[in-house]
Every structure is written in structure tokens, then in C-alpha cells.
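So the chains spell out like this:
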Amino acid sequence: MTVGSTPSRAVVVGTGSRAQMFTEALARRPRLRVAALCDPNPVRIAHHQRLLKEAGEPEAAAWSPEEFERRLRADDIQEVVVTCVDALHDAYIVPALRAGCRVVTEKPMTTDAAKCRRILETVRETGNHLAVAFNYRFNPVHEEVHRQLSGGAIGEVLSVHFEWLLDTRHGADYFRRWHREKEHSGGLMVHKSSHHFDLVNWWLGARPEEVFGYGGLGFYGRAAGERSGYRREYERVHGAAAAKDDPFALELAENDAMRSLYLDAEGADGYHRDRNVFGDDITIEDDMALLVRYDTGATMTYHLTAYSPWEGYRVMFNGTRGRLELEVEESAWQPPLLGTASGRGTIHGDRALANAGGPRLVLRPLWEPPREVELPAFDHAGHGGGDARMLDVLYGPVDPTDGPVDPADGPVDPADATGAAAAVDASDASRRRATEEDGALALVTGLAANQSFVSGRPVATADLVTP
């Protein structure tokens, strides 16, 4: 395709808050056209139609999920973006691959082993691949960690200690929406931690082989809320007097985008985005501890906490020549009743969290003084700047003269990058997109963890999925 030719036609599947990033990104790129929006809720589709109008783009066709497979070919679709409920990803990925479309899916790729195998089998049958939107790979800080490790700064990596903390604003958000039901999200081990498991797989160049873990619901949910005294008697926030001044409440009416996407859309499907985090029917865990063994011989201890007073993460790598330590403070603390500033990936999407801190990377070689590694400028918004950089790799830069002409060519090969495309750190391996194999390798750690929580035994990943 040459600049100025007919744009590639794309469909965005699922029109919730996260999908806004893709709708706007595609609308800004002249090589692409959002030709269709697919969602069972017409009110949310209308919200995305307004985003297209604001970008100066024509209205897209509105598809129901039942129409998806038939209209892929009838409407000459070349690009598919899957951003719907996690458990439904495979229902769109598989027919899109069979139709020859280029597919990008939000993480996690899917939520169980059978669906994962179905996707991998379709890739093998068709020869078509998909990209998984692991935006944390494109965070410049994480790229520097990759450079240090792959460059041998600490020799062979023997163990990893990884702690991820979600604070009581961001962490609580998973317990008021559909993610709180494991059948839809796979739990935080699948929905959230797939980011982290993918990072470790990529950083180490390793594949997980065995997982053992403990997980439980100890902070959120009715029983825990009654023990702690945090629970207030309401089912959902909107219209509930008991939710007034509750620091765990999300008031949808206060934010234009959240009101448009969810409050105004309730009549179409009955979905409530603002449920009580200390309510009933929560089937996911909020505190999880794992031990993972990799095919390289390395091990990882991992802990995810979803109710922390501060948000961020610490990762420590022990190697044969030293130790590398990363700490990122995304929020030092959260005040109560802050309000909802963002309607895009609330509450950790397009804006930094309140009281944001910063990153620090320390190299501790054997027999030498420790030294702090210089890091690039860090932007907490957009997942550490990873969103924008990922979109440039997946779809090319906004200005078509800055990079590869045909977005269907996929990611920029660092060896071939020129001009502005090369300026986006073309030497770094992270500019290669995550594939379905990467998606499966990140998923299987979470699936094995969930199984281990129930059985109390280690789980071999090969018993679940073999990418």
C-alpha cells in the first residue's frame, strides 16, 4: 500500500474504556480506517462513534456479535482489534485468523487452556499470526532492564524476586467490574499478572515449566469487608446514600466518559460498572504468592497484592556476576475520595496516578561498588509510555512518512528501520511484537497458578498448554 491509497479497513471488537485507545489510535493514522465497531451494547458503540467524529473520521458500521464472522468478508475487513471481555477473545480471534485478517488482541490472549489451544491450532492451520498487546514490553524502563540482562550485566540469571503492588484505588477497580468474576477474566493471575509473566519470560528468554502458589480473597468481598469494618451496605454506588464518602466507591456520573460508556449504557445490557468491592459473588483472589521454575533453571518468587497503600513494583535479578534491582513507584499513596480523573482504562490508563513517584535501576556487580543505571525520561501515563510506543510498532507512526508504509507488514524489524522509525530505539529487541506464542507462555503461568491454588500442588505447564 502506498501513502494516499485506500486505507486498511479495521473493526474494533468491544467498545469499553480500554478500546478507546485503539479507536483513537486507528483514527489518527491515515493508512487505517475504523470501518466497524462490534459490541452488543449500542450505547457504547455510540460513544466510540463520537470519538471517530471528533477525529474527523466517518461513522463506522455498527455490528452485533452475531454478525461478526459473516461481515468480516462481506465488509472487506483487513484489521481486527479484540478488546472485549477476556473470556470471549477466542470467539473473535479464531474467525478473524481464518478470514486472513491481521489480528491484535488485548491481553490476556484468552482465559483458559482449551481456548488457548484453539487459538494456537488455528494459527498452525492458517499460517496467520496475531499480536498480543503487551504494552509493558514497550516501557523504556523495561527495555533498559532487557538490555542489561541480555548484555550479560549480571551473567546468567539464576533467580528473580518480583513483587507487584496495586493500591486501594487501582486494585479495588478489579473488584467492582466484570473482572471480579473468574469465569470472565481468569482472575488477576490471568488478567493482570499476564503482563508481569510476559515481562519475565522476555527478560530471561525463558519458558515457565512448573508453578506452585497460594491465593486467597482476604481484603475485598463481603466477609473480609465485615471483618475489617470497611463494608457499607449498598450493591452499587450510583444512587446509594450509603456509598457517600466511601473511599472505595466509584461515582460514574462524575466523569463524562465513564458516564457515557457505562451509566448511560446500563439500559441496554444491565451491566453495572460501580459495584461494591465488599459485595457478594467475588470469585477472584486479592493476594497471591507463586514459585515458578523456568526451562533455563532459573526460579521466580512472585507476589501480587491488590490492596496496597502505594502502587508500584520491585524486581530483583540474581545472576552469576551480580544483581540487578528495579523499583518503580507509580503512586506513593492515595488520598480518599479523589474522584475519577480518567475515563480511559480507569484508573491506570492515560493519566498518572496521584502522588506518582519514579523508577530506579541499580546494578550491583560482584566485587564492585553498586551503581545506578541511567534511565530514560519516564512517563507514568499510558503505562509508562508503553501504549504510544506499542501502537507505533503495531500500526506505524501517526505520520506515514515516519515509518513503514504498510501496517500489514507488522512490527518494524530493527535491522531494516530507517528515519524516524529507527529513532524509536530500533536497536532494541522489544520492538518485536508479542505473538500468540508469547501470549500462551504468559497465560500458562497464571492458569497453572489458579490450578495450584485449588489443588495445593505444583502444576506442570506442559499439562495445560504447549505453545
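To be clear, the structure that these remarks concern was listed above.
No experiment lies behind these values; they were computed from the predicted model shown.

J.: Please explain the pairing of strand β13 (residues 359-365) as it appears in this structure.
T.: On any regular strand, side chains alternate: one points to one face of the sheet, the next to the other face. Here 7 bridges tie strand β12 (residues 322-331) to β13, and the two strands are oriented antiparallel to one another. Of the residues in β13, the one forming a bridge with R323 is R364. Here β13 pairs with strand β14 (residues 371-372) via 2 bridges, running antiparallel. Paired with L363 across the bridge in β14 is R371. Hairpin connection of β13 to β14: 5 residues between the antiparallel strands, including W367 at a positive phi of 65°.

J.: Looking at this structure, I do not really get the sheet that holds strand β11 (residues 311-319). What am I missing?
T.: Backbone hydrogen bonds are what pair the strands of a sheet, in a parallel or an antiparallel way. The 9 strands are arranged β14-β13-β12-β11-β7-β10-β9-β8-β16 in an open sheet whose pairing can be described as mixed. Edge positions in the open sheet fall to β14 and β16 (459-460), since each of these has one partner strand only. In terms of strand pairing, strand β7 (residues 157-167) meets strand β10 (residues 299-308) through 8 bridges, oriented parallel. Bridge assignment links W164 to a residue of β10, and that residue is L304. Across the sheet, helix α10 (residues 193-204) touches β7, β8 (208-216), β9 (287-294), β10 and β11, and the angle it forms with β10 is around 155°.

J.: I'm lost on unusual backbone geometry in this one. Help?
T.: Peptide bonds are, in most cases, trans, and in most cases residues other than glycine have a negative phi. The omega torsion of the bond from K107 to P108 falls at -10°, within 30 degrees of zero and hence cis. Considering the arrangement of structural elements, one finds P108 in the loop between β5 (102-106) and α5 (113-126). The backbone of D76 shows a phi angle near 55°, a positive value even though the residue is not glycine. Topologically, D76 is positioned in the loop between α3 (68-74) and β4 (79-82). For D76, a relative accessible area of 46% corresponds to the partly exposed category.

J.: I would appreciate a short explanation of the sheet that holds strand β2 (residues 32-38) in the present structure.
T.: The 7 strands are arranged β3-β2-β1-β4-β5-β6-β15 in an open sheet whose pairing can be described as mixed. Single-partner strands in this sheet number two, and they are β3 (61-63) and β15 (434-435). Looking at chain direction, strand β1 (residues 8-13) and β2 are connected through 6 bridges and run parallel. Residue pairing across strands places S8 opposite L32, the latter belonging to β2.

J.: I'm lost on the nonpolar core in this one. Help?
T.: The nonpolar side chains of soluble globular proteins are, as a tendency, buried together. Counting residues in hydrophobic clusters, the biggest one holds 89 residues, and the most contacted among them are V11, F68, V80, F162, W203 and F317. Contact partners of W203, with chain neighbours within four places excluded, come to H142, V145, H146, L149, F162, V315 and F317. Residues A25, V104, M390 and L391 belong to the second largest nonpolar core, which totals 24 residues.

J.: Is there a simple way to think about the environment of K107 in this case?
T.: By the secondary structure assignment, K107 is in the loop between β5 and α5. When the C-alpha positions of K107 and A131 are compared, they lie 9.6 Å apart, and in sequence the two are 24 residues distant. Apart from the residues within four sequence positions on either side, K107 is in contact with D86, H89, V132, A133, F134, H191, K192, S194 and H195. Among the polar contacts listed, one links the side chain of K107 to the backbone oxygen of H191, at a separation of 2.6 Å.

J.: Is there a simple way to think about the packing of aromatic side chains in this case?
T.: When we look at a pair of aromatic rings, we describe it by the centre distance and by the angle of the planes. With the rule as written, the count across this model stands at 21 aromatic pairs. With a centroid separation of 5.1 Å and 80° between ring planes, the pair formed by F212 and Y214 is classed as edge-to-face. Exposure remark for F212: the relative accessible area of 24% places this residue in the partly exposed category. Judged by its relative accessible area of 58%, Y214 is exposed. Taken together, a centroid distance of 6.0 Å and an interplanar angle of 25° make the contact between Y230 and F278 stacked.

J.: When you look at the packing of helix α1 (residues 19-27) against helix α15 (residues 386-395) in this model, what are you seeing that I'm missing?
T.: A pair of packed helices is characterised by two quantities: the angle between their axes and the separation of those axes. Orientation of α1 relative to α15, taken along the N-to-C sense of each, is 50°, at an axis distance of 11 Å. On the basis of their axis angle, the class for α1 and α15 is oblique. Where α1 crosses over α15, the handedness of that crossing is right-handed. Residues M21, F22, A25 and L26 of α1 pack against D387, M390, L391 and Y395 of α15. Considered class by class, the residues forming the contact of α1 with α15 number 7 nonpolar, no polar and 1 charged.

J.: Looking at this structure, how should I read the environment of R98?
T.: Position of R98 among the secondary structure elements: in helix α4 (residues 89-98). Judged by relative accessible area, which is 46%, R98 ranks as partly exposed. Linking R98 and E69, residues 29 residues apart in sequence, is a C-alpha distance of 9.6 Å. Every residue in contact with R98, bar those within four places of it in the chain, is listed here: R73, T122, E125 and T126.

J.: Looking at this structure, I do not really get the state of the cysteines. What am I missing?
T.: Put plainly, a disulfide is one covalent bond tying together the sulfur atoms of two cysteines. The full count for this structure, using the stated rule, is 0 disulfides. A disulfide-free cysteine, C38 has its sulfur positioned 8.2 Å from the sulfur of C84, the nearest such atom. You can call C38 buried: its relative accessible area is 2%.

J.: Please explain the pattern of salt bridges as it appears in this structure.
T.: When their charged atoms lie close together, side chains carrying opposite charge are able to pair. On inspection of all chains with the given rule, the structure shows 35 salt bridges. Salt-bridge contacts for R147 lead to E144; the nearest nitrogen and oxygen are separated by 3.1 Å. Linking R147 with E144, this pair stays in helix α6 (residues 140-150), spanning 3 residues, or about one helical turn. R147 gets classed as partly exposed once you look at its relative accessible area, which sits at 29%. Because the salt bridges share partners, they merge into one network encompassing E67, R70, R71 and D75.

J.: Can you help me understand the environment of E66 in this one?
T.: With respect to the element layout, E66 can be found in the loop between β3 and α3. By relative accessible area, which is 71% here, E66 ends up exposed. C-alpha of E66 to C-alpha of C38: the two residues are 28 residues apart in sequence and 9.4 Å apart in space.

Each value, and the rule that gives it
- By convention here, each chain's residues receive numbers from 1 onward along its written sequence.
- Restriction of local features to residues with pLDDT of at least 70 applies here, the model being predicted, together with a cutoff of 80 or more for giving and counting side-chain atom pairs; totals for whole chains, interfaces and linings are based on all residues.
- The side-chain numbers reported here are obtained from all heavy atoms of the structure, hydrogens and water having been left aside.
- Here, strands pair whenever DSSP counts at least two bridges between them.
- Helix and strand assignments follow DSSP, with helices taken as H or I runs no shorter than four residues and strands as E runs no shorter than two, numbered in order from the N terminus.
- Contacts between residues were defined by any pair of non-hydrogen atoms, one from each residue, lying within 4.5 Å.
- As a rule, the C-alpha atoms of each element are fitted with a line to give its axis, helices using only the stretch in contact, and angles between N-to-C directions run from 0 to 180 degrees.
- Remark: exposure states derive from per-residue accessible area (1.4 Å probe, protein chains only) relative to the maximum for the residue type, with buried under 20%, exposed over 50%, and partly exposed in between.
- Only buried residues count toward a nonpolar core. Its members are Ala, Val, Leu, Ile, Met, Phe, Trp, Tyr and Cys residues joined through side-chain atoms within 4.5 Å.
- In protein, a polar contact means a hydrogen-donor-capable atom and an acceptor-capable atom, both N or O and within 3.5 Å, with residues adjacent in sequence counting only if both atoms are side-chain atoms; elsewhere, any N or O pair within 3.5 Å suffices.
- Classification of ring pairs uses Phe, Tyr and Trp, with its six-membered ring standing for Trp, and accepts pairs whose centres are within 6.5 Å; under 30 degrees between planes counts as stacked, over 60 as edge-to-face, and the remaining range as tilted.
- Any angle from 65 to 115 degrees is called roughly perpendicular, while one under 35 is roughly parallel, one over 145 is roughly antiparallel, and all others are oblique.
- In this scheme, a crossing is called left-handed if the near helix is turned counterclockwise away from the far one by less than a right angle; it is called right-handed if the turn is clockwise.
- Residue polarity follows a fixed list, in which Ala, Val, Leu, Ile, Met, Phe, Trp, Tyr, Cys and Pro are nonpolar, Asp, Glu, Lys and Arg are charged, and the others, Gly among them, are polar.
- In this description, the term disulfide denotes a pair of cysteine sulfurs within 2.5 Å.
- By definition, a salt bridge exists where a carboxyl oxygen of Asp or Glu is found within 4 Å of a side-chain nitrogen of Lys or Arg.

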